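This is what each chain is made of:
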Amino acid sequence: MLKYEYHNLLASKHIRSNLPKEKVLEWIDQVKNAHREIMAEHNANLLGFYDLPDCSTKHIDDFIANLNPVFDTMLVLGIGGSALGNKALYSALKTEAELPRKLFVYDNVDPVFLYEILSQINLEKTLVNVITKSGTTAETMAGYMIVADIFKRKFPKDYQKRIIITTDKEKGFLRQVINQEGYTGFTVPDNVGGRFSVLSDVGLLSSAFTGIDIKALLKGAKDMREICWNPNIWENPAYLNGLIHFLYYRQGKNISVMMPYSNSLYDLADWYRQLWAESLGKRKDIKGREIYVGQTPVKALGTTDQHSQVQLYTEGPNDKVFTFLTVEYFKHDYTIPNLHPDREEVNYLGGKKLSELLNAERFATEIALSQAMRPNANIVFPQIDAYHLGQFIMLYEIQTVFTGKLLCINPLDQPGVEAGKIATYALMNKKGYDQERTEIEQYKKDRGLT
Ligand SMILES: O=P(O)(O)OC[C@H]1O[C@](O)(CO)[C@@H](O)[C@@H]1O
């Protein structure tokens, strides 16, 4: 299992913090309530992500088994929850698991980024996967229309076999496109929100395509879920970590830094950023009262950011909780040769493994932060594989929903994203947004922009 090391989160002789174990214990009743609410919502079928590890993957296995072997690349067009999990899994495993097929994810509308991707892939060998739960997201729609147009022109006879679409099972424009064009369709379950959907078809299909062991991924998630059903916080890392982050947040630690000591896990921190930010950053509580809550997630990379961020982390405002991601075993490693045995400046490194240096530096940063009274946790991956990634995903999904309960907000919605989407529609002349367009024109006038 992943190891969750939380000793540097609680006050001790090493961490002078305002969070002794006794303070955590004062919250046991609220934890029980939150647990009861989560169980009730799960029983009412509202928390679909809990059940994803039990779902059959036969449709994915069959699709991959029958796929034209010419395909060696998948291009995902999606954004947010329809992209970040796919990227995180692929980046984590592409080298460690020596994946046989490639994945590109176009999750922006930056034209140069699209050009870059299209100039690197062989269209003949590329399967396009358009992923959007709502089927309306402007960024994904724009990418879809450009790429589908290219494919239709280049492969007029069989473009339908080169594009697949993952979207709601009934709703939305793209479901109609699937039916009209004859594309193969995959489904984002109703009761699974975008940022919780990586273990559904959204993330499983691209993973299975690239060669990731999706059974192991789901098994990891399932094993972590078993642990995290437990209302006892000392045996439930999702609840304990959620509670501690919540209590620190109440003490003014507004920032949660996730710092993998592994380039392969850096995109996993990006996946976490969306999960934590979109789920917990809320203006209103569940009763509709304005509360403006949320802890800002930040990603940092060890050791790289030791030489960029750690000065701030140790001596700047004490407003952060840190989470290291550590890897015990790296499949590919190097021994540093003792190139200058008589030079003290470097001979201490000779004969050591790079992974040994990496993990020593991780531990050194833990010590430095602890000495500076900065609470920090460590999540240890015995190795980077699908099984442990599945555990990590389930751990953080449960932690996020649980923390949302403690904050008395709805961790499953994202009303704040709507304002930007509506303004974009108005600016791009989408039908039905005349009122907003008029307001924007006025705004531009007031700012002297017209
Ligand atoms: O899968 P969709 O519907 O295209 O949404 C993409 C992303 O956009 C959001 O709705 C808002 O950013 C996210 O919650 C979601 O993951």
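Reading the values: the criteria
- Residues numbered from 1 in each chain as written.
- Predicted model: local features only at pLDDT ≥ 70, side-chain atom pairs only at ≥ 80, totals over all residues.
- Helix = DSSP H or I, 4+ residues; strand = E, 2+ residues; numbered from the N terminus.
- Expected span 1.5 Å × (residues − 1).
- Contact = placed C-beta atoms within 7 Å.
- Near = placed C-beta within 6 Å.
- Nonpolar A, V, L, I, M, F, W, Y, C, P; charged D, E, K, R; others polar.
- Pairing = 2+ DSSP bridges.
- Axes fitted to C-alpha atoms, helices over the stretch in contact; angles between N-to-C directions.
- Buried ≥ 20, exposed ≤ 12 C-beta atoms within 10 Å, placed from the backbone.
- Domains from an automatic or database assignment.
- UniProt positions renumbered as here; feature names shortened; annotations may be inferred.

Peer 1: Explain helix α9 (residues 214-227) here, please?
Peer 2: Between its first and last C-alpha atoms α9 spans 20 Å; for 14 residues at 1.5 Å apiece the expected length is 20 Å, and the two agree. Looking at the buried side of α9, the elements it contacts are α3 (58-65), α8 (201-210) and α15 (386-406).

Peer 1: Explain the site of the ligand to me, please; I cannot follow it from the model alone.
Peer 2: Within the structure, the ligand sits among 14 residues, and Gly80, Gly81, Ser134, Thr137 and Gly194 are positioned closest to it. Looking at the shell around the ligand residue by residue, the class counts come to two nonpolar, nine polar and three charged.

Peer 1: What is the right way to look at the sheet that holds strand β12 (residues 376-383) in this model?
Peer 2: Within a sheet, each strand pairs with its neighbour through backbone hydrogen bonds, oriented either parallel or antiparallel. Read from one edge to the other, the open sheet built from five strands follows the order β1-β12-β11-β7-β10, with strand pairing classed as mixed. Lying at the two open borders of the sheet, with one neighbouring strand each, are β1 (3-5) and β10 (296-299). Geometrically, the sheet is characterised by an average inter-axis angle of 20° between neighbouring strands, direction not taken into account. Across four bridges, strand β7 (residues 255-260) lies against β10 in parallel orientation. For Ser256, the partnering residue across the bridge sits in β10 and is Pro297. Across the sheet, helix α11 (residues 266-280) lies against β7 and β10, angled at about 175° from β10, the strand it touches most.

Peer 1: Is there a simple way to think about the sheet that holds strand β2 (residues 73-77) in this case?
Peer 2: Within the open sheet, the five strands sit side by side as β3-β2-β4-β5-β6. Their pairing is parallel. Only two strands of the sheet have a single neighbouring strand rather than two, namely β3 (102-106) and β6 (184-187). Geometrically, the sheet is characterised by an average inter-axis angle of 20° between neighbouring strands, direction not taken into account. As paired elements, strand β4 (residues 126-131) and strand β5 (residues 163-167) share four bridges and run parallel to each other. When the sheet's bridge partners are listed, Asn129 is paired in β5 with Ile164.

Peer 1: I would appreciate a short explanation of the pairing of β2 in the present structure.
Peer 2: Within β2, five of the five residues are buried, leaving the element largely enclosed by the surrounding structure. Of the two faces of β2, the one holding Thr73, Leu75 and Leu77 and the one holding Met74 and Val76 are both buried throughout. Summarising the sheet, β2 and β3 pair through five bridges and their orientation is parallel. By the bridge assignment for β3, Leu75 is matched with Phe104. One ladder, built from five bridges, connects β2 with β4; its direction is parallel. Across the sheet, Leu77 pairs through a bridge with Val130, a residue of β4.

Peer 1: Would you take a moment to explain unusual backbone geometry for this structure?
Peer 2: Only a minority of non-glycine residues have a phi that is not negative, and only a minority of peptide bonds are not trans. Of the consecutive residues Gly302 and Thr303, the connecting peptide bond is found in the cis state with omega at -5°. Tracing the chain through its elements places Thr303 in the loop between β10 and α12 (310-315). Positioned with a positive phi, Asn45 is a non-glycine residue whose angle comes to about 70°. The topology assignment puts Asn45 in the loop between α2 (28-43) and α3. Judged by C-beta crowding, with 11 C-beta atoms within 10 Å, Asn45 ranks as exposed. At Asn429, a position not held by glycine, the phi torsion is positive, near 65°.

Peer 1: Which parts of the structure should I look at to understand the domain arrangement of the protein?
Peer 2: Interfaces are often sized by the amount of accessible area the parts lose when they come together. Partitioning the protein into structural domains gives domain 1 (3-40 + 218-407) and domain 2 (48-212). Averaged C-alpha coordinates put domain 1 and domain 2 at centres separated by 30 Å. Broken down by secondary-structure element, the contributors of at least two residues to the side of domain 1 that touches domain 2 are α9, α11 and α15. Ranked by residue count, the leading element in the side of domain 1 that touches domain 2 is α11, at nine residues. Each residue belonging to the side of domain 1 that touches domain 2 can be placed in one class, and the counts come to eleven nonpolar, four polar and eight charged.

Peer 1: What am I meant to see in the UniProt feature "active site" (unreviewed entry) in the protein here?
Peer 2: Under the local residue numbering, the UniProt record ascribes the feature "active site" (unreviewed entry) to Glu278, His307 and Lys421. With a sequence span of 144 residues, these residues are also far apart in the fold, their greatest C-alpha distance being 37.1 Å. Looking at the secondary structure, you find Glu278 in helix α11. Judged by the 23 C-beta atoms lying within 10 Å of it, Glu278 is buried. Each residue touching Glu278, except ones within four places of it in the same chain, is listed here: Arg195 and Gln414.

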